[in-house]
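Here are the chains, one letter per residue:
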Amino acid sequence: MSAIEAIELQPFLHDARLSVAAPSFCASRPDGRFAGGADGFFHGDRRILSRLEATVPGVPNAPVATAEGPDGSTTFVTVLRGLAEQTADPATTLERRRELRPGRLTERYTVHNGGDLTARLRLDLRAESDFAAMDTVKAGRADTPLTPGADGDDALRWSRGPLTAVLALTPAPDHLDPATGTAGYDIELAPGQSWHAVLECTAEHAEGDLFPAPPADAAPWRTPEVTGREHHLGHWLARSHRDLRGLLLTDPLSPADTFLGAGAPWFLTLFGRDSLWAARMLLPLGTELAAGTLRTLARRQGRAVDPATEEQPGKILHEVRRAGQHLDNGAHLPPCYFGTADATPLWLVLLHDAWRWGLPADQVEELLPHAEAALDWLERYADADGDGFLEYVDSTGSGLSNQGWKDSSDSIRFRDGRIADAPIALSEVQAYAHEAAVKAADLLEAFGRPGAEHWRQWAERLRARFRDSFWTEDGHGRYPVVALDGDKRRVDSVASNMGHLLGTGLLDAEESALVAARLTAPGMDSGYGLRTLDAAAAGFNPLGYHTGSVWPHDSAIAVHGLAKAGLHQAAEPLAAGLVRAAAGFDHRLPELFGGHPREHYARPVPYPASCRPQAWAAASAVTVLQSLLGLEADAPGRRLTVRARVPAGYESLRIDGLTVAGLPIEVATDHTGAVRLRAPEGFTVTVTD
């Protein structure tokens with residue numbers, strides 16, 4: 001074995017076909033096979049089937065088509081070459097139609113003879129299971145397949161500990177060999193005839209699902225729809241809606257509460273930061289998801305100081321798994337891990353914004369004790385050295401070395417490429433904390449609770465300190481650095497983090513304009529969205545996870561911040577880039593993609609190991625729509641704000657599915673781009689430039 005062959009490499013996914021029905025998903029080759037790498041049928045962070053192949057011995061398979069149905073099914077069509085052929089025309093095809101439900105994979109096989117000769121064949125279905133853990137699959141480590149047992153004459157069964165998988169076939173196969181996991185059918189088809197069989201694989205965990213699926217077809221938001229003429233934004237919204245439904249999970253402690261798993265395949269579970277951002281992005285479609293996300297995280301809010309998990313009183317967690325995660329960089333995360341600097345302020349911001357979009361007052365009020373505990377964490381625990389900034393350091397020695405959204409070990413670096421040393425104070429975390437303090441003060445005041453003035457003053461002091469410590473200057477002028485390192489040096493790279501400062505109240509109008517100029521410069525704007533790191537920086541890599549790639553949610557946050565700051569001319573090209581990128585990925589934007597320049601690439605370059613769907617990438621479609629409309633809500637004050645006109649390219653559209661306080665908002669644009677908004681009764685509308 002060569003040195004290269006011995007290396008364990010994270011599997012690539014860019015050409016995989018993924019179907020999601022949380023907590024289950026499938027990843028397969030373009031022809032439908034599970035055949036190594038990250039392929040398989042997964043349920044609850046375990047791989048249930050690691051191999052599933054349909055072959056005809058001695059007959060080459062030639063995949064010719066893949067189609068996704070509106071019901072979430074995927075159909076794969078393969079030509080069985082040379083079978084029943086008497087001309088160059090293909091005659092015999094194998095069609096496999098995949099349907100996925102939580103804990104259940106169904107495949108319907110059809111062999112059709114369209115030729116003029118009789119087709120005689122043996123179809124072999126071969127299945128393997130390894131019950132590999134997700135971190136094992138992600139690291140590219142091999143796991144030994146289990147030996148199944150026969151379950152009657154039509155099924156195979158695999159078991160290990162609490163896990164059981166059963167694969168059943170209808171009709172019963174003509175041959176069943178448990179030793180190899182192979183079931184065979186002897187088929188004879190006259191011209192024009194078809195043959196059918198159904199494979200069903202079910203997965204069970206003796207302890208039940210960590211986070212179960214919601215009832216079928218349940219979605220805690222209204223369906224967004226853009227009509228009037230063909231538009232990529234409309235297709236992106238429609239695809240995102242379907243994908244987000246597939247990512248929905250429930251809290252077993254309160255099954256009525258739903259939240260979004262972060263993404264498939266690697267992150268299909270509760271993530272504080274990801275689930276919060278996705279729920280916030282979907283607020284214009286309703287507040288039910290936000291409420292479920294807030295309550296699910298509040299039930300697991302930190303109550304004690306535990307260095308092993310980085311739990312602290314009032315802190316919002318990072319992620320929850322059934323088992324600990326062994327990462328490929330040597331890190332080890334416990335099943336319930338609190339290593340995040342930003343989830344707590346983001347929880348506070350979501351609570352406020354959900355209130356503004358119409359979350360009922362009684363539901364807000366019941367969460368205020370958790371909000372006060374989160375505020376206490378900001379003051380007592382988040383600023384470990386007392387300098388007035390929120391910082392993080394991995395206290396376990398085996399956790400995440402970076403604990404903002406750019407959580408890879410090489411993400412926070414100086415312009416010359418040096419990696420910043422902890423403890424690190426991220427610029428965007430200061431912005432989230434400022435916004436959280438101001439918005440929490442509004443909540444406390446509105447609900448007659450003490451502390452509002454204290455938190456406004458706290459936020460103002462943070463704002464002043466940030467201005468003194470985080471701004472620097474180069475040949476292009478002033479800009480905010482990405483972070484302060486452990487020695488309080490400015491980590492001076494130009495990075496997309498600055499886009500998260502916009503619209504939080506941390507910056508004044510002049511500072512916002514300076515940030516806008518940086519974000520829209522060629523080094524940051526790829527033409528398909530914002531690069532995570534400026535292309536001129538040492539260490540820039542267009543396929544670097546956080547060092548040059550494009551993350552759709554990151555760009556969408558910047559777009560929304562620019563729109564809130566009134567900088568629409570800067571927001572519009574970034575929004576257009578995301579819509580363009582969505583079209584390049586068949587309207588299913590992945591977690592991230594390459595930061596290659598649009599002028600050199602007609603389509604965005606995939607990041608090979610990217611999740612898709614990813615919750616905040618899909619939810620970004622709603623944020624882009626909201627930003628283009630300039631739509632903001634104040635349900636307690638019965639007010640809506642909207643732009644007078646949308647950018648060119650968005651004329652003559654009707655937008656349905658938007659809502660405030662559970663009431664529909666009707667929006668349309670005419671042929672000039674003028675916005676017409678019909679608000680619910682009792683709401684006033686303010687129109688801005």
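Fair warning: this is a prediction, and the values are worked out from it, not measured in the lab. (Residues numbered from 1 in each chain as written. Predicted model: local features only at pLDDT ≥ 70, side-chain atom pairs only at ≥ 80, totals over all residues. Heavy atoms only, no water.)

As summarised here, the arrangement of the three strands in space is β25-β28-β29, forming an open sheet in which the pairing is antiparallel. Two strands in the sheet have a free side with no partner beyond their single neighbour: β25 (425-426) and β29 (490-491). Bridging between β25 and strand β28 (residues 483-484) involves two bridges; their strand directions are antiparallel. The partner of alanine 425 across the bridge, within β28, is leucine 484. (Pairing = 2+ DSSP bridges. Helix = DSSP H or I, 4+ residues; strand = E, 2+ residues; numbered from the N terminus.)

Moving on to the pattern of salt bridges. Evaluated as defined, the whole model comprises 55 salt bridges. One salt bridge in this structure joins arginine 120 and glutamate 188, with 3.4 Å as the shortest N-O distance. Highlighted residues: arginine 120 in strand β11 (residues 119-128) and glutamate 188 in strand β16 (residues 182-189), separated in sequence by 68 residues. Residue classification places arginine 120 among the exposed residues on the basis of a relative accessible area of 56%. In this structure, arginine 280 and aspartate 353 form a salt bridge, with 2.9 Å as the shortest nitrogen-oxygen distance. (Salt bridge = Lys/Arg side-chain N within 4 Å of Asp/Glu carboxyl O. Buried < 20%, exposed > 50% of the residue type's maximum accessible area, 1.4 Å probe, protein only.)

So, on to empty space enclosed by the protein. Here the structure, examined in full by the defined rule, presents six cavities of 30 Å³ or more. Its volume calculated, the largest cavity comes out at about 190 Å³. For the lining of the largest cavity, the secondary structure elements donating two or more residues are β5 (46-49) and β17 (194-205). (1 Å grid on protein atoms, 1.4 Å probe; cavity = no way out; pocket = protein on both sides within 12 Å on 5 of 7 lines; lining within 4 Å. Points joined across faces, edges and corners; volume = space filled by probe spheres on them.)

Judged by pairing direction, the sheet is antiparallel, and its four strands sit side by side in the order β18-β32-β35-β36 without closing on themselves. Every other strand in the sheet has two partners, leaving β18 (225-227) and β36 (675-678) as the edge strands with one partner each. Between one strand and the next, the sheet's axes are offset by a mean angle of 15°, whatever the strand orientation. (Axes fitted to C-alpha atoms, helices over the stretch in contact; angles between N-to-C directions.)

So, about helix α11 (residues 552-564). For α11, spanning 13 residues, the distance from its first C-alpha to its last is 18 Å, which sits close to the expected 18 Å at 1.5 Å a residue. Burial within α11 is extensive, with twelve of its 13 residues counted as buried. Along α11, the positions that sit buried rather than exposed are Pro552, His553, Asp554, Ser555, Ala556, Ile557, Ala558, Val559, His560, Gly561, Leu562 and Ala563. On its buried face, α11 sits against α4 (272-281), α10 (509-519), α12 (568-584), α13 (615-629) and β30 (632-634). (Expected span 1.5 Å × (residues − 1). Contact = heavy atoms within 4.5 Å.)

It is worth spelling out the environment of arginine 108 at this point. With respect to the element layout, arginine 108 can be found in strand β10 (residues 104-113). The class of arginine 108 is partly exposed, set by a relative accessible area of 36%. The sequence separation of arginine 108 and alanine 197 amounts to 89 residues, and the corresponding C-alpha distance is 5.9 Å. Among the polar contacts made by the side chain of arginine 108, one reaches the side chain of glutamate 99 at a distance of 3.2 Å. (Polar contact = N/O pair within 3.5 Å; in protein donor to acceptor, adjacent residues only side chain to side chain.)

Between its first and last C-alpha atoms helix α5 (residues 288-299) spans 17 Å; for twelve residues at 1.5 Å apiece the expected length is 16 Å, and the two agree. Burial within α5 is extensive, with ten of its twelve residues counted as buried. All buried positions along α5 are accounted for by Leu289, Ala290, Ala291, Gly292, Thr293, Leu294, Arg295, Thr296, Leu297 and Ala298. Those residues of α5 hidden inside the fold are in contact with β19 (248-251), β20 (254-260), α4, α6 (343-356) and α7 (361-380).

Let us now look at the packing of α12 against α13. When two helices pack together, you describe them by how their axes are tilted relative to each other and by the distance separating the axes. Running from N to C, α12 and α13 cross one another at 150°; their axes reach a closest spacing of 10 Å. Relative to α13, the element α12 lies roughly antiparallel. Relative to α13, α12 is oriented so that their crossing is left-handed. Residues His568, Ala575, Leu578 and Val579 of α12 touch α13, and the partners they reach there are Val624, Ser627 and Leu628. Of the residues belonging to the contact of α12 with α13, the class tally is five nonpolar, two polar and no charged. (Parallel < 35°, antiparallel > 145°, perpendicular 65-115°, else oblique. Left-handed = near helix turned anticlockwise from the far one by under 90°. Nonpolar A, V, L, I, M, F, W, Y, C, P; charged D, E, K, R; others polar.)

It is worth spelling out the packing of α4 against α6 at this point. One way to put it is that α4 packs onto α6 with a least axis distance of 9 Å and a crossing angle of 20°. With respect to α6, the axis of α4 lies roughly parallel. You can see that α4 and α6 cross each other, and the crossing is left-handed. Where α4 abuts α6, its residues Gly272, Arg273, Leu276, Trp277, Ala279 and Arg280 lie against Ala343, Leu346, Trp347, Val349, Leu350 and Asp353. Its residues assigned to classes, the contact of α4 with α6 comprises eight nonpolar, one polar and three charged.

Moving on, we get to the nonpolar core. Ranked by internal contacts, the top residues of the largest apolar core, which has 168 residues, are Leu260, Trp347, Leu351 and Leu629. Beyond its immediate stretch of four places on either side in the chain, leucine 260 contacts Trp221, Leu244, Leu247, Leu248, Thr269, Ser275, Ala278, Leu282, Leu289 and Ala615. Ranked by size, the runner-up nonpolar core spans 41 residues in total, among them Leu83, Leu125, Leu163 and Leu189. (Core = buried A, V, L, I, M, F, W, Y, C linked by side-chain atoms within 4.5 Å.)

On to the confidence of the model for the protein chain, then. Low-confidence regions, as indicated by low pLDDT, have predicted coordinates that should not be scrutinised in detail. Per-residue pLDDT for the protein chain averages 96, and the proportion of residues at 70 or more is 99%. Note on residues 1-6: pLDDT under 50 across the span, and one contact to partners over four residues away in sequence or across chains. (pLDDT = per-residue confidence, 0-100.)

In this section: the packing of aromatic side chains. One pass over the structure, following the stated rule, counts 14 aromatic pairs. Directly above the ring of phenylalanine 414 sits arginine 418, whose terminal nitrogen or CZ lies 4.1 Å from the centroid. (Phe/Tyr/Trp six-rings, centres within 6.5 Å; stacked < 30°, edge-to-face > 60°. Lys NZ or Arg CZ within 6 Å of the ring centre and 35° of its normal.)

What follows is about the side chain of aspartate 257. When you line up the elements, aspartate 257 lands in strand β20. Apart from residues no more than four positions distant in its own chain, aspartate 257 is found in contact with Leu249, Thr250, Asp251, Gly292, Arg295, Thr296 and Arg299.

This part takes up the environment of histidine 175. Note on placement: histidine 175 falls in strand β15 (residues 175-177). Separated by 185 residues in the primary sequence, histidine 175 and proline 360 place their C-alpha atoms 60 Å from one another. Look past the residues within four positions of histidine 175 in its chain and what remains in contact with it is Arg122, Thr182, Ala183, Gly184 and Asp186. Looking at histidine 175, its side chain comes within polar contact range of the side chain of aspartate 186, at 2.9 Å.

Our next topic: unusual backbone geometry. The omega torsion of the bond from threonine 170 to proline 171 falls at 0°, within 30 degrees of zero and hence cis. A cis geometry characterises the amide bond from alanine 422 onward to proline 423, with omega recorded as 0°. With respect to the helices and strands, the residue proline 423 is situated in the loop between α7 and β25. We note that histidine 587 has phi near 70°; this positive angle belongs to a residue other than glycine. Inspection of the secondary structure puts histidine 587 in the loop between α12 and α13. Positive phi outside glycine occurs at arginine 638, with the angle close to 55°. According to the relative accessible area criterion, arginine 638 is partly exposed, its value standing at 34%.

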